[in-house]
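Here are the chains, one letter per residue:
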Amino acid sequence: MDDDIDPPSVLVISDRHVGSEVVTALDRGIDACLVTDHDGVAGQTPDDTRVVVGDGRERTVLQDAGAQTTDVALVSMQTDHGSFLVTQLLRTQFDVETVVVVLNDPQNRPAFESAGSTVICGSRVLATELERSVETSLRTPETA
């Protein structure tokens, strides 16, 4: 591996525990940073994870986290309104090309897509996982 090449960077902006889960799960070859204003979320990250404690809807907080040089941003806020504000800041103030948003309300998808975001519907992901769990638990063991 060439030492002159910087590892890809991912900025996770979240006031929910999904933020700490994502930065924990990311490959160690990625430069990840979590931005959160939630102490419980900040405290759930590994010791070697960079965490910026502050409101991700504020330009200075995003700047402190390195938004100006990030390759990918993941936004997962408690409200879609909060996520949209963060997304707009990332796009207009920091020229972040790839913004992935975890959406709470599927009806808000068009607004995020029109802003050029990749949208993951949290409700759909959760429903799929719950369905899979129920189906697995309802299966009866086959007898030989």
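Structural notes, computed from the coordinates. The residue count restarts for each chain, going from 1 along the sequence in the order it is written. Per-residue local features of the predicted model are confined to residues with pLDDT of at least 70, and side-chain atom pairs are confined, for both listing and counting, to 80 or more; whole-chain, interface and lining totals are unaffected and use all residues. In computing side-chain properties, one takes all heavy atoms of the structure into account and sets aside hydrogens as well as water.

### Topic: the overall build of the chain
Secondary structure follows DSSP: runs of H or I at least 4 residues long count as helices, runs of E at least 2 residues long count as strands, and numbering of each begins at the N terminus. The helix and strand inventory of the chain stands at six helices and six strands. Listing each helix as α and each strand as β along the chain from the N terminus yields β-α-β-α-β-α-β-α-β-α-β-α. Each of the three principal axes of the chain carries a C-alpha extent, and together these read 60 × 40 × 30 Å. Taken over 144 residues, the chain has a buried fraction of 37%. In the chain, the share of contacts with a sequence separation of at least 24, taken over all contacts with a separation of at least 6, comes to 46%. Here the accessible surface of atoms and residues is derived via Shrake-Rupley with a 1.4 Å probe, and residues count as covered only by protein chains that are part of the display. With an accessible surface of roughly 8,700 Å², the chain has 50% of that area assigned to carbon and sulfur atoms. Charge counting follows a simple rule: Lys and Arg are positive, Asp and Glu are negative, and His as well as the terminal groups are ignored. A charged residue contributes its charge at one atom only: NZ of Lys, CZ of Arg, CG of Asp or CD of Glu. The average position of the 10 basic charges and that of the 25 acidic charges among the side chains of the chain differ by 7 Å. Each residue is assigned to one of three classes by its accessible area relative to the maximum for its type, calculated with a 1.4 Å probe on protein chains only: buried under 20%, partly exposed between the two thresholds, exposed over 50%. Contact between two residues is taken to exist if any of their heavy atoms lie within 4.5 Å; hydrogens are not considered.

### Description of the environment of Asp47
Turning to its location among the elements, Asp47 is positioned in the loop between α2 (39-42) and β3 (50-53). Taking the C-alpha atoms as reference points, Asp47 and Ile5, 42 residues apart in sequence, are found 25 Å from one another.

### Regarding the nonpolar core
For this analysis, a nonpolar core means a set of buried residues of the types Ala, Val, Leu, Ile, Met, Phe, Trp, Tyr and Cys, connected via side-chain atoms within 4.5 Å. With 22 residues, the main nonpolar core has Leu11, Ile13, Val35, Leu62, Val75 and Leu90 as its most contacted residues. Here this core gets four residues from one element, more than from any other, and that element is helix α4 (residues 80-94). Beyond its immediate stretch of four places on either side in the chain, Leu62 contacts Leu11, Ile13, Gly56, Ala67, Gln68, Leu89, Leu90 and Phe94. In this structure, Val23, Val41, Leu74 and Val102 belong to the second largest nonpolar core, which totals nine residues.

### Observations regarding the pairing of strand β1 (residues 9-14)
The side chains of a regular strand alternate, first on one face of the sheet and then on the other. Where burial is concerned, most of β1 is hidden: six out of the six residues are buried. By the alternation rule, side chains of β1 split into Ser9, Leu11 and Ile13 and Val10, Val12 and Ser14, which are all buried. In the sheet, β1 pairs with strand β2 (residues 31-36) via five bridges, with the strands oriented parallel. Its bridge partner lying in β2, Ile13 is registered against Val35. Following the chain from β1 across helix α1 (residues 17-25) to the adjacent parallel β2, one finds a crossover that is right-handed. One bridge is not enough; two strands pair if DSSP finds at least two bridges between them. Pairing between β1 and strand β4 (residues 72-76): five bridges, direction parallel. Look down the strands so they point away from you; if the path from the first strand over the helix to the second goes clockwise, the crossover is right-handed.

### Examining α1
Each α-helix winds once per 3.6 residues, and so residues spaced three or four apart point in a common direction. Along α1, the residues classified as buried are Gly19, Ser20 and Val23. The buried residues of α1 all sit within an arc of 95 degrees when viewed along its axis, so they share a single face. With respect to the buried face of α1, the exposed residues turned more than 90 degrees away are Glu21 and Ala25. Those residues of α1 hidden inside the fold are in contact with β1, β2 and α2. Here the arc refers to the directions that run from the helix axis out to each C-beta atom.

### Focus: the pattern of salt bridges
Think of a salt bridge as a Lys or Arg side-chain nitrogen and an Asp or Glu carboxyl oxygen that are within 4 Å of each other. Throughout the structure, instances matching the rule amount to three salt bridges. Notably, a salt bridge pairs Arg57 with Asp55, separated by 2.9 Å at the nearest N-O pair. We classify Arg57 as partly exposed; its relative accessible area is 40%. Judged by its relative accessible area of 17%, Asp55 is buried. When the shortest N-O distance is used, the salt bridge between Glu113 and Arg109 registers 3.2 Å. Of this pair, Glu113 and Arg109 both sit in helix α5 (residues 109-114), four residues apart, roughly one helical turn. For Glu113, a relative accessible area of 42% puts it in the partly exposed group.

### A few points about the pairing of β4
Burial analysis of β4 places four of its five residues in the buried class, which makes it a mostly covered element. Relative to strand β5 (residues 98-103), β4 runs parallel, the two being bridged by four bridges. Bridging from a neighbouring strand, Val75 pairs with Val101 of β5. Handedness of the β-α-β unit built from β4, α4 and β5 comes out right-handed.

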